[in-house]
Amino acid sequence: MATQTLTAKNFEETITSNDLVFVDFWATWCGPCKAFGPVYEKASEANPDIVFGKVDIDQNQDLATAAEIQAVPTLMIAKKGQIIFKQAGALRASDLDEVIKQARALDVDAKEGANA
């Protein structure tokens, strides 16, 4: 599955109705965001069982504020409706693969509130 655009209208439902959701908070003017975009897109195609969403912070300022986004790109991961990871900065493909692996392995039922 390719990435999907998330907005204030579908963000909450996407987070709560899917088992594992990755969200890339980005901006059109952000150089590192442009570099991370293709890496993120490729990961979404390689992991069709995970929802990969993108939030343009300029188009969704209220959502970015609510998520306490202070820098872009920021990667946020939700598992079973719980935020398990949030980190600013573009990741290399190998680092993103490792984060995906850890997110899959994390048992949120056993470790509530723990970071991946």
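Everything here concerns the structure above.
Residues numbered from 1 in each chain as written. Predicted model: local features only at pLDDT ≥ 70, side-chain atom pairs only at ≥ 80, totals over all residues. Heavy atoms only, no water.

Trainee: How should I be thinking about the overall build of the protein chain in this particular structure?
Mentor: On a plain count of helices and strands, the protein chain comes out with 4 helices and 5 strands. Start at the N end of the protein chain and walk to the C end: the helices and strands fall as β-α-β-α-β-α-β-β-α. Taken over C-alpha atoms, the radius of gyration comes to 13 Å for the protein chain, in line with the 13 Å a tight globule of 116 residues would show. Per-residue burial over the protein chain gives 42% buried out of 116 residues. Counting only contacts in the protein chain whose residues sit at least 6 apart along the sequence, the fraction spanning at least 24 positions is 70%. Of the roughly 6,300 Å² of accessible surface on the protein chain, 50% is carried by carbon and sulfur atoms. Separation of charge centres in the protein chain, based on 11 positive and 17 negative side chains, amounts to 5 Å. (Helix = DSSP H or I, 4+ residues; strand = E, 2+ residues; numbered from the N terminus. Rg over C-alpha atoms; globule rule 2.2 N^0.38 Å. Buried < 20%, exposed > 50% of the residue type's maximum accessible area, 1.4 Å probe, protein only. Contact = heavy atoms within 4.5 Å. Areas by Shrake-Rupley, 256 points an atom, 1.4 Å probe, with all protein chains shown as cover. Lys, Arg positive; Asp, Glu negative; His and termini not counted. Charge placed at Lys NZ, Arg CZ, Asp CG, Glu CD.)

Trainee: I would appreciate a short explanation of unusual backbone geometry in the present structure.
Mentor: Residues apart from glycine generally show negative phi values, whereas peptide bonds are mostly found in trans. In this structure, the amide linkage connecting Val-72 to the following residue, Pro-73, adopts the cis form with an omega of 0 degrees. Within the secondary structure layout, Pro-73 lies in the loop between α3 (61–66) and β4 (74–79). Positive phi outside glycine occurs at Glu-68, with the angle close to 55 degrees. Tracing the backbone through its elements, the reader meets Glu-68 in the loop between α3 and β4.

Trainee: I tried to follow the state of the cysteines on my own but got confused; where do I start?
Mentor: Between two cysteines, a covalent bond joining their sulfur atoms is known as a disulfide. A complete count under the given rule lists 1 disulfide for this structure. Across the disulfide, Cys-30 is cross-linked to Cys-33 (sulfur-sulfur distance 2.4 Å). Here the disulfide of Cys-30 and Cys-33 is right-handed, its torsion about the S-S bond being about 80 degrees. The exposure class of Cys-33 is buried, given its relative accessible area of 4%. (Disulfide = S-S within 2.5 Å.)

Trainee: Where do I start with the pairing of strand β5 (residues 82–88) in this structure?
Mentor: Every other side chain in a regular strand lies on the same face of the sheet, so the side chains alternate between the two faces. Across 6 bridges, β4 lies against β5 in antiparallel orientation. Residue pairing for β5: Thr-74 is matched across the bridge by Ala-88. Linkage of β4 to β5, two consecutive antiparallel strands, is achieved through a turn of 2 residues, within which Lys-80 is found at a positive phi near 50 degrees. (Pairing = 2+ DSSP bridges.)

Trainee: Teacher, can you tell me more about the environment of Gly-37 here?
Mentor: Mapped onto the elements, Gly-37 comes out in helix α2 (residues 31–46). Between the C-alpha atom of Gly-37 and that of Thr-3, which follows or precedes it by 34 residues, the distance is 9.9 Å.

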